[in-house]
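# Structural description and commentary
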Amino acid sequence: MEVLIMPNRKAATNLTAKLIANKVKTKPSCVLGLATGRTMEEVYDELAAMKLDFSNCTTFNLDEYIGLESTDKNSYRFYMNDHLFKKINVKLYNTYLPNGMAKNMKEECEKYERLMADHGGIDIQLLGLGKSGHIGFNEPLSSLFSRTREKALTHTTIEQNSPIFDKPEDMPKRALTMGVGTILEAKKIIMLATGKDKAEILAKAVEGPITSMISATALQLHPSCTVIVDEDAASLLTEREYYRWIFQNEPEWEAFR
Ligand code: GLP
């Protein structure tokens, strides 16, 4: 794992978008793993503004609420169409999310796993960080080997996400999510976290012991995971100086400085 500290949210967002854009340019038929949440909105704005060719890309999202139609403005399908897909030339039939309205959830999850495998797996997976330490909707005690499945949401997550709903009490309490094991199979992972309110959970995720209580700690096991943060989110990391040195000095990042 490596941590890149950017001076502010804009710079962190910009670097994240550039890394995704590089993949799309170097492998036009790439498979992108996408995330939702407020943090991602600016990443998608930047990606859309870059006018890249997504026509051969396939995308798989991490998760979807159970019980929301794709036309519901709080569903993650709606979010993705609205924030990204309608602004780029990806073919909508190449964009996948788990179907939170499926009749048989177990079959839906198995189908989703099979689809990802049939496409050769995820080339680059984008992740946000929930305040409960989740990636996707892998709430505390999610097995580090877990696969796509149904998951009940914690109070922390409901508190974090329900203000987005017109009636907060309408937020579904359950979701379908790729498992931690599914996410760890992506060839490359980028996690983006910004803002002071992520500082505490980020420090645990990056520098704490690996535990199923904080599924983001499992990223420490991944051979190619880049965590991009702003100064606010980085404020509780003990090795901040070292991480800053890496970005300033490692040849890999020269083109991005
Ligand atoms: C939701 C998603 C997560 C995302 C998180 C972060 O809970 N299921 O995948 O990482 O939101 O949200 P935000 O960016 O709004 O803090």
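Residues numbered from 1 in each chain as written. Predicted model: local features only at pLDDT ≥ 70, side-chain atom pairs only at ≥ 80, totals over all residues. Heavy atoms only, no water.

### Some words on empty space enclosed by the protein
Spelled out, the test is: Whether a set of points on the 1 Å grid over the protein atoms alone is a cavity depends on a 1.4 Å probe fitting there but being unable to get out, while an open set qualifies as a pocket with protein on both sides within 12 Å along at least five of seven lines; lining residues are those with an atom within 4 Å of a point. Grid points are joined across faces, edges and corners, and a volume is the space filled by probe spheres set on the points. Put simply, Ala, Val, Leu, Ile, Met, Phe, Trp, Tyr, Cys and Pro go in the nonpolar bin, Asp, Glu, Lys and Arg in the charged bin, and everything else, Gly too, in the polar bin.
This model, assessed by the stated rule, comprises 1 cavity of 30 Å³ or more. Reported here for the largest cavity is a volume of approximately 30 Å³. Lining of the largest cavity is provided by Ile20, Leu32, Leu34, Leu47, Phe54, Thr59, Leu84 and Ile88. Here the lining of the largest cavity is built from residues that sort into 7 nonpolar, 1 polar and no charged.

### A closer look at the nonpolar core
In plain terms, the rule: Grouping buried Ala, Val, Leu, Ile, Met, Phe, Trp, Tyr and Cys residues that are joined through side-chain atoms within 4.5 Å yields what is termed a nonpolar core. Each residue gets one of three labels from its accessible area relative to the maximum for its type: buried under 20%, exposed over 50%, partly exposed in between, using a 1.4 Å probe on protein chains only. Strands here are runs of E lasting at least two residues and helices are runs of H or I lasting at least four, both read from the DSSP assignment and numbered beginning at the N terminus. Contacts were defined at the residue level, with two residues in contact if any of their heavy atoms lie within 4.5 Å.
Judged by nonpolar contacts, the single largest core of 81 residues is most densely connected at Tyr44, Leu47, Phe54, Leu202, Ile228 and Val229. A total of 7 residues in this core trace back to one element, the largest contributor, which is helix H1 (residues 9-26). Among residues more than four places away in sequence, those in contact with Leu47 are Ala17, Ile20, Ala21, Leu52, Phe54 and Leu84. Core analysis: the next-biggest nonpolar cluster, separate from the first, contains 5 residues, Ile66, Ala102, Met105 and Cys109 among them.

### Quick word on the pattern of salt bridges
As a reminder of what qualifies: Here, a salt bridge means any Lys or Arg side-chain nitrogen found within 4 Å of an Asp or Glu carboxyl oxygen.
Scanning the model with the defined rule gives 16 salt bridges in all. For Asp123, the salt bridge goes to Lys27, with nearest N and O atoms at 2.9 Å. With Asp123 in the loop between helix H4 (105-118) and strand S6 (124-127) and Lys27 in the loop between H1 and strand S2 (31-34), this pair connects stretches of sequence that are 96 residues apart. Between Glu113 and Arg147 there is a salt bridge, with its nearest N and O atoms 2.8 Å apart. Residue Glu113 is located in helix H4, and its partner Arg147 is located in the loop between S6 and strand S7 (149-152); the two are separated by 34 residues in the primary sequence. A residue is classified by how much of its surface remains accessible, and Glu113, at 17% relative accessible area, is buried. For Arg147, a relative accessible area of 31% puts it in the partly exposed group. Sharing partners across several salt bridges, the network here consists of Lys27, Asp123 and Lys187.

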